[in-house]
Amino acid sequence: MIKNLLSRFLQGLVVMFVLFTITFFLVKAMPGGPFQSEKAIPAHIKAKIEAYYGLDKPMGVQYLKLLANYLKGDPGLSLRLEGRPVTQIIGEAFPVSFQLGVVAMSIALLVGIPSGCIAAAKKNGLLDVGSMGFAMVGVCLPSFVIGPVLAETFGRSLKWFPAMGWNASSPQTWILPAITLGLGTAAYVSRLTRAGMIETLSQDFVRTAKAKGVPGWKILIRHCLRGGLIPAVAYIGPAFAGIVSGSVVIESIFQIPGMGRHFIKAIETRDSSVLIASVLLYGALVILANLFSDIAGVWLNPRLRSGKN
Amino acid sequence: MLRSSASLVLSCLLLASCQKETEVERANREKILLIGNGNDPKALDPHLVTGVPESKVIGAIFEGLVGDDPESDTAYPPGAATSWTHNPDYTSWTFHLRPDARWSDNLAPVVAQDFVFAYHRLLHPDLAGPYAEMLYFLKNAEDYNKNHRSIILARAGLIPGVSEAQAKTFNLEGLPDKTIKDDLGKSPKWPELSEPNRRRLAVNKGLDALDRPALNWILESPDSRFDWPADSLPEQRIALLTALAAKAADPTATPAVEAEDLFELAKVGATSPDDYTLQVDLREPVPYLPGITRHYTWFPVPRHVVLQWGKISDRFTPWSEARHIVGNGPFKMKSWKLNDSVEVVKNPIYWDAANVKLNGLKFYPIENYYSETRAFLAGQLHTTYQVPPDLVDRIKKEYPQYLRQEPYVSTSFVRFNVTRPGLDNVKIRQALSLAINRKDICDTILEGYTPAGTITPAMGDYKPAQIAVYDLEKAKAMLAEAGYPDGRGPDGNGLKFSLLIRGGGSQAVSEAMQSMWKKIGVTVDIRRMDFGSYISAQQNLDFDIAIAGWTGDYLDPTTFLLMWTEGNGNNNTGWHSAKFEGLLHEAAIQTDPSQRLAMFAQAEQLLMEEAPIAPFAFQARNYLHRPEVKGWHPLLLDNHPYSAVRIDP
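Note that the structure is a prediction, hence the values are computed from the model and not measured.

### Side note on the overall build of chain A
Looking only at helices and strands, one finds 13 helices and zero strands in chain A. The dimensions of chain A, computed from C-alpha atoms along their principal axes, are 85 × 60 × 30 Å. Across the 309 residues of chain A, 43% fall into the buried class. For chain A, the proportion of contacts with a sequence separation of at least 24, taken over those separated by at least 6, is 74%.

### Some points on the overall build of chain B
Scanning chain B from N- to C-terminus turns up 24 helices and 16 strands. The 649 residues of chain B split such that 49% are buried. In chain B, the proportion of contacts linking residues at least 24 apart, taken out of those at least 6 apart, comes to 68%.

### Some thoughts on the packing of helix H4 (residues 86–121) of chain A against helix H7 (residues 172–201) of chain A
Residue and element names in this part refer to chain A. In contact at an axis separation of 5 Å, H4 and H7 are set at 35 degrees when each is read in the N-to-C sense. Our pair here, H4 against H7, has a crossing hand that is right-handed. The residue inventory of the contact of H4 with H7, partitioned by class, reads 23 nonpolar, seven polar and two charged.

### Some details on the sheet that holds strand E10 (residues 450–451) of chain B
All names here are of chain B. Within the open sheet, the six strands sit side by side as E10-E14-E9-E13-E11-E12. Their pairing is mixed. With partners counted over all chains shown, the strands left at the sheet margins are E10 and strand E12 (523–529), one partner each. Bridge analysis of strand E11 (residues 496–502) against strand E13 (residues 545–551) gives two bridges, and the strand direction is parallel. Across the sheet, residue Leu500 finds its bridge partner in E13, namely Ala546.

### Describing helix H23 (residues 578–589) of chain B
Helix length check: H23(B) (twelve residues) gives 17 Å between terminal C-alpha atoms against 16 Å at 1.5 Å per residue, within 8%. Residues of H23(B) that are buried in the fold lie against helix H24 (593–610) of chain B.

### Brief notes about the nonpolar core
Residues Tyr119(B) and Leu361(B) are the most contacted members of the largest nonpolar core, which totals 169 residues. In terms of residue count, H4(A) provides more of this core than any other element does, 17 residues in total. Beyond its immediate stretch of four places on either side in the chain, Leu361(B) contacts Ile32(B), Leu33(B), Ile35(B), Ala60(B), Phe331(B), Val344(B) and Tyr642(B). Grouped together as the second largest cluster of nonpolar side chains are 70 residues, Ala452(B), Leu500(B), Ile545(B) and Ala587(B) included.

### A few points about the packing of helix H1 (residues 2–29) of chain A against helix H3 (residues 59–71) of chain A
Residues and elements named next belong to chain A. For the pair H1 and H3, interaxial distance at closest approach is 11 Å and the crossing angle is 135 degrees. One element, H1, and the other, H3, form an angle in the oblique class. Helix-helix and strand crossings are classified by hand; for H1 and H3 the assignment is right-handed. Note on element contacts: H3 touches H1 through Met59, Tyr63, Leu66, Leu67 and Tyr70, opposite Phe20, Phe24 and Lys28. In the contact of H1 with H3, the residues fall into seven nonpolar, no polar and one charged.

### Describing unusual backbone geometry
Residues and elements named next belong to chain B. Its identity as a non-glycine residue notwithstanding, Leu541 has a phi of 50 degrees, on the positive side. Along the polypeptide, Leu541 turns up in the loop between helix H21 (531–539) and E13. With phi around 50 degrees, Asn572 is a residue other than glycine that occupies positive phi space. The residue Asn572 is located in the loop between helix H22 (558–561) and H23 in this model.

### A word on the environment of Arg226(A)
Checked against the element boundaries, Arg226(A) lands in helix H9 (residues 216–228). By C-beta crowding, Arg226(A) is classed as partly exposed, having 15 other C-beta atoms within 10 Å.

### Points about the pairing of strand E9 (residues 403–416) of chain B
Each regular strand displays side chains that alternate between the two surfaces of the sheet. Residue and element names in this part refer to chain B. Here E9 pairs with strand E14 (residues 613–624) via ten bridges, running antiparallel. Looking at E14, one finds that Phe413 is bridged to Pro615. Sheet topology places E9 next to E13; seven bridges connect them, and they run antiparallel. Paired with Phe416 across the bridge in E13 is Ile545.

### A closer look at helix H20 (residues 507–518) of chain B
End to end, H20(B) covers 16 Å across twelve residues, agreeing with the expected 16 Å (1.5 Å per residue, within 8%). Tucked inside the fold, the buried residues of H20(B) contact helix H17 (426–434), helix H18 (438–444), E11, E12 and E13 of chain B.

### Side note on the pairing of strand E5 (residues 277–281) of chain B
Residues and elements named next belong to chain B. Only one face of E5 is buried: it carries Leu278 and Val280, and the other face, with Thr277, Gln279 and Asp281, is open. As paired strands, strand E3 (residues 92–97) and E5 are joined by five bridges and run antiparallel to one another. Bridge pairing links His96 to Thr277 in E5. The sheet contact formed by strand E4 (residues 270–274) and E5 spans three bridges and is antiparallel. Paired with Ala270 across the strands is Val280, a residue of E5. The antiparallel pairing of E4 with E5 creates a hairpin that spans two residues between the two strands.

Conventions used here
Residues numbered from 1 in each chain as written. Chains lettered and ligands numbered in written order. Predicted model: local features only at pLDDT ≥ 70, side-chain atom pairs only at ≥ 80, totals over all residues. Helix = DSSP H or I, 4+ residues; strand = E, 2+ residues; numbered from the N terminus. Buried ≥ 20, exposed ≤ 12 C-beta atoms within 10 Å, placed from the backbone. Contact = placed C-beta atoms within 7 Å. Axes fitted to C-alpha atoms, helices over the stretch in contact; angles between N-to-C directions. Left-handed = near helix turned anticlockwise from the far one by under 90°. Nonpolar A, V, L, I, M, F, W, Y, C, P; charged D, E, K, R; others polar. Pairing = 2+ DSSP bridges. Expected span 1.5 Å × (residues − 1). Core = buried A, V, L, I, M, F, W, Y, C linked by C-beta atoms within 7 Å. Parallel < 35°, antiparallel > 145°, perpendicular 65-115°, else oblique.

See below:
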């Protein structure tokens, strides 16, 4: 297990390095640069600003320098929000995205797992059709439709929740964006749980339990849930990484100061510093989440444990 | 985890049902104005920014020489200066500062030296302030900002035997901007210049940065791009180089000027005869100077705070961070959370604090105007930045009490690349311009905008004739005259161009133009690009036709006309005209204001006839505003003095 983890960690480092390199050269290959606006900056001034950030150096030098800085843990200064360290920008935005992501994921699990279980237990019944229909809607409706509908209904008309804004200590401001963000995931989790549960429910040990007279709910929760969650858990890890790294759509609809807007702005304005750092952060999250998913999978599924197969 | 989340959700729902007072109601009580500001400022340092969102925040925490009048664009109430005078030809101005103004940290009075320091800083070649051009009105400011050391030193008589005029012809640091990259970067003419030397020259640091062999090469090599004038004497060249290359050249030679900073020597036209007198000398008559000084590039900065954190030329120091910045305006900085809000609070030691009715302002960076409109209607904002054009009709019907539609000094236009075949023909450009049904576009797509027949909107006494108008028949005739009847050329091929638009820009406008040009037989493909690519395609003249816009910085035609001169970074058409520039130059030295405007009108007419651009709409600001916010009147530049705003529910 330790050996396995170590090798996964080293693989992760290689992936991060490749990601860094590819992102760096892709950003630099984009037309235009960071210091252009509707009103052109005079060439003699632009040249100086570029020199200030070392952008006048040959590409290879820039690359090696940035790599060296990253190894020292310094991703540099933002080019769009001039003078701000990238660490500060991400340090402000990531906790917001993370908090929103955790709430959204909680909603997704609270809705997805029970509804998946119920659907599996009442396979082809009314509850199954109902919850799977709901899940289908959740999968199909994009957040740029759900978000404005929720904001319009519960924000503007009913005034239950604010139509925009974010306050880390005021749960009212979390609800609408978290539901919007979590709904799609809830739908997937629900469908995956249902599939996993149905498969587990058809196993021999379930028949045995039934024959022995174990009550239905007990079979479902005590005997099947652990096995039935395996497909959902494999999905939840990467999905969590996606959710906490920010969503530009939801952040723009609800005015949330998260990672997504910085990321999109960084692309638009060729802010290579913020862009590379965000991509790396996202990469690290995906790697970690996959690792946790795998560990959880092993824990849930004894057949995967080495030496016991 | 799950259980705690569940209880959280429940408690939220409970909390939500208790929410009775809207944010606007609470803000009304606390006298805080909640404003949609479009975007976050890039920074708070007035010397490092160029945009509109910045101007709103900076305008709240700083104050210029001349104030903004809440009701009139052309009234000049006193600001940091109580009065000002000028000489008859508007080239020399004296501003008398108010003696009771203090910086918001209450550590120092606002004195004339703070203004001079601010201009010195923005113009400092090493600061590389992107909007230094706004100070080029000041005498000698451009030479100092562009680090034309040869000219500055020669003018000061520090280069033996070299006059200022000669220094200009020596063309040292004064290489035209465009050639810097092309010639220094790539030219095979520079084989001996090592890469670092080339780069140093390219960033225009002056010859100071060059090493001895490079200087020798410049001095002696026949391949040098520094084309010494034929009549220049060797000793003049040597004197010039030693004077310039104070450090890197011959260490034994005595450099004429050791100082890095030539501000004093350059004699930039901003001086402080005493603490409360600012003397401003201009390079040309500027009768509209009071209007210019309302722009943040002309604001003072606190010398004592900037220097506490670093040198005058340091690009970033903590001085401009939200928690340290000190201003002289009616408000002072409270907090700035990125992508969330910027908060300012009333500055109690502002000289006119007794008449400031607001306790603070909160600027929200909302780029999604649908969300902004929704938040306004949900009671979260007092004023929005913009109503999306497709919502204007609905708002008009359902919420007429909130809708404001006001003119703005901003023009939408089509930019032609006159270096492209077809578009190099003025008749074809005119035909394309004549075929744009401006009224249709404004009526059906751009709600509130008005048809534009010229680039400069009417402002003050300047009311240019509307020349570029819709005339389909004339457009067809013009095409035929150009040799393209019905859009078909002599070879039978139709005229075909691409139309560049910006992602997020108006797809509808581009499609309308596409169909309008179809009517005269011109085919157009729409090319949509993200912001960065859109800008760089225009700057590199890598487009045929583009839809663009321009917003004035101050109320004078120059803010719309100067950009169409040769080499201007905002021209991007490939067009320039000696006659046009001649007219602008004549206007610049003209001291009679009405004569001056007449010359601009002539220049404008020429521009429309040559048609490197086809203006089509004067923009309007459609936004929402709550009626309880008083003291907020239509202003062309949209610079509402927040000190005059009050909340009166």
